[in-house]
Amino acid sequence: MIPALMPTYNRADLAFERGEGAWLWTGDGRRFLDFGSGIATASLGHAHPHLVQAIAEQAARVMHTSNLYRIPQAEKLAARLVETCFADSVFFCNSGAEANEGMIKAVRKYHAENGHPERNVTICFEGAFHGRTLATLAATGNEKYLAGFGPPMPGFRHIPFGNMNALRDAIDGTAAAVMLEPVQGEGGVRPASLDFLRQVRAACDEFGVLLALDEVQTGMGRSGKLWAHQWAGIEPDVMSSAKGIGGGFPLGAILAKEKVAQYLKAGTHGSTYGGNPLACAAGNAVLDVVLAPGFLDGVDKVARHLWRGLLALAQRHPTVIDGVQGAGLLLGIKLRPEVSNGEAQNAAVAEGLLTVAAGMNVLRLAPPLIITEAEAEEALRLLDRTMLRITPSAAKAAAK
């Protein structure tokens with residue numbers, strides 16, 4: 001018999017009862033250092049007092065009214081987000097996939113309203129992950145995720161990640177936008193170089209296509225700046241955000257310049273739950289913390305400390321670790337072919353550390369932004385023990 005809860009996920013046999021900061025406890029009292037943070041979502045860690053208070057107070061007043069009415073919490077959050085970046089206007093939704101779906105619609109609508117409906121192709125990159133809806137699956141382009149769901153939705157073209165020649169060749173009269181993650185999370189924690197991001201921006205300007213950045217995983221401080229593209233000194237035309245923006249409460253957003261946002265007028269797009277009072281109370285609470293003086297500098301400092309520790313870890317375990325990659329507090333340990341990231345993830349759990357597998361045999365680290373250097377040191381200690389657990393024996397290596 002199929003379980004009542006549909007078995008869509010390969011879940012670890014762990015159920016957490018409570019959390020505090022970067023730590024989680026199971027019902028039987030086991031404690032884990034959380035370096036997955038709900039797949040880069042619990043940006044303030046667990047049970048953050050300010051976030052908990054904001055959600056509780058708003059829930060006691062009103063949780064949901066729908067977008068038939070004004071929502072002051074959403075108006076406040078949108079204004080604050082606009083102040084932080086390139087955008088002139090914000091649309092709220094519930095998830096990263098929904099934000100990316102809306103972003104795809106926005107770029108198509110922009111070109112249609114400007115007399116070029118034939119410009120409806122979004123150029124995407126191999127190794128990307130943009131979501132699980134039919135459109136975002138097509139944008140992702142991963143055959144494993146597409147299998148069994150019929151023909152992929154048209155309007156997407158895929159090219160090698162980081163290849164400017166391929167990008168310029170792919171831009172033709174049907175191109176609407178270039179869609180890009182500053183760091184490919186699911187695709188192996190692969191960062192685009194800052195120079196590549198600048199060249200992509202220049203190519204978009206040259207050919208009249210929009211730059212659509214997917215900052216679902218990299219945004220809201222994870223890179224050490226509020227938005228990862230700010231390291232390159234560029235601005236997109238439209239951007240998606242989710243995950244850490246709500247600190248664990250479902251919230252997504254499309255942030256756009258006026259030239260794009262003006263065409264998503266009444267009746268063209270919508271979301272029943274999107275931007276409701278409770279979600280936006282959470283979003284405002286997260287911003288209160290992340291925008292506090294010195295917070296992002298602290299994220300950057302701890303991230304660099306962790307990076308140096310991971311490089312040292314790779315030197316100590318050359319038979320297991322092939323390299324370290326990523327940016328900020330979205331980092332990946334690329335493992336050698338002799339060991340799998342699933343094996344490493346299970347070994348880390350056995351040591352009391354939660355991580356997330358990613359593509360290209362990478363073990364992903366995405367801790368809460370509030371971690372301390374001491375907690376980073378503890379994670380490195382647990383990772384050292386993890387690597388010892390999965391180091392192939394001489395006999396095992398010979399057999400392979």
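Numbering of residues starts from 1 in each chain and follows the order in which that chain's sequence is written. The model is predicted, so local features are restricted to residues of pLDDT at least 70 and side-chain atom pairs to those at 80 or more, both for listing and for counting; the totals for chains, interfaces and linings are taken over all residues. Heavy atoms from the whole structure form the basis of all side-chain values; hydrogens and water molecules are not counted.

1. Observations concerning the sheet that holds strand β12 (residues 252-256)
At step 1: Two strands pair if DSSP finds at least two bridges between them. Numbering of helices and strands starts at the N terminus; helices are DSSP runs of H or I of at least 4 residues and strands are runs of E of at least 2. The strand order across the open sheet formed by seven strands is β4-β12-β11-β10-β7-β5-β6, and the pairing between neighbours is mixed. Edge positions in the sheet fall to β4 (89-93) and β6 (156-159), since each of these pairs with one other strand and no more. Taking each pair of neighbouring strands and ignoring which way they run, the sheet shows an average axis angle of 20°.
At step 2: Sheet topology note: the strand β10 (residues 210-214)/strand β11 (residues 238-241) ladder contains three bridges and is parallel. Paired with Ala 212 across the strands is Val 238, a residue of β11.
At step 3: Contacts between helix α3 (residues 72-84) and the sheet are confined to β4 and β12, with β4 contributing the most and set at about 130° to the helix. Only the contacting stretch of a helix is used when fitting its axis, a line to C-alpha atoms as for every element, and angles between N-to-C directions run 0 to 180 degrees. Residues are treated as being in contact if the distance between any of their heavy atoms lies within 4.5 Å.

2. Comments concerning the nonpolar core
Generally speaking, nonpolar side chains in soluble globular proteins are found buried as a group.
At step 1: In plain words, nonpolar cores are sets of buried Ala, Val, Leu, Ile, Met, Phe, Trp, Tyr and Cys residues tied together by side-chain atoms within 4.5 Å. Here the term buried applies to any residue with accessible area under 20% of the maximum for its type, exposed to any over 50%, and partly exposed to those in between, with areas from a 1.4 Å probe on protein chains only. Counting residues in hydrophobic clusters, the biggest one holds 89 residues, and the most contacted among them are Leu 81, Phe 92, Leu 255, Leu 310, Ile 333 and Met 387.
At step 2: No other element matches helix α11 (residues 295-316), which puts nine residues into this core.
At step 3: Counting residues in hydrophobic clusters, the runner-up holds 20 residues, among them Cys 93, Ala 99, Ile 104 and Tyr 110.

3. With respect to the environment of Ser 193
At step 1: Structurally, the position occupied by Ser 193 is in the loop between β9 (190-191) and α8 (194-207).
At step 2: The spatial distance from the C-alpha of Ser 193 to the C-alpha of Ser 89 is 28 Å, given a sequence separation of 104 residues.
At step 3: Counted as a polar contact is a pair of N or O atoms within 3.5 Å, where, for protein atoms, one must be capable of donating a hydrogen and the other of accepting one, and residues adjacent in sequence contribute only when both atoms are in side chains. Within the structure, Ser 193 has its side chain in polar contact with the backbone nitrogen of Phe 196 (distance 2.9 Å).

4. Re the packing of aromatic side chains
At step 1: Any pair of Phe, Tyr and Trp rings, taking the six-membered ring for Trp, is counted once the centres come within 6.5 Å. Such a pair is stacked with planes under 30 degrees apart, edge-to-face with planes over 60 apart, and tilted for the rest. Inspection of every chain in the model, using the stated rule, returns six aromatic pairs.
At step 2: Centre to centre, the rings of Phe 125 and Phe 161 are 6.1 Å apart; their planes meet at 85°, and the pair counts as edge-to-face. One end of the pair, Phe 125, is in strand β5 (residues 121-125); the other, Phe 161, is in the loop between β6 and α7 (164-170), with 36 residues separating them in the sequence. Here the two residues Phe 125 and Phe 161 agree in accessibility, since each one is buried.
At step 3: Seen from their ring centres, Phe 129 and Tyr 145 are 5.7 Å apart, and the 80° between their planes marks the pair as edge-to-face. One end of the pair, Phe 129, is in the loop between β5 and α5 (134-140); the other, Tyr 145, is in helix α6 (residues 143-146), and 16 residues separate them in sequence.
At step 4: Judged by its relative accessible area of 13%, Tyr 145 falls in the buried class.
At step 5: Counting every residue linked through ring pairs, the aromatic cluster contains Phe 125, Phe 161 and Phe 196.
At step 6: Look at NZ for Lys and CZ for Arg. If either is within 6 Å of the ring centre and within 35 degrees of the ring normal, a charge sits over the ring. The lysine or arginine in question, Arg 18, covers the ring of Trp 25, its NZ or CZ lying 4.0 Å from the ring centre.

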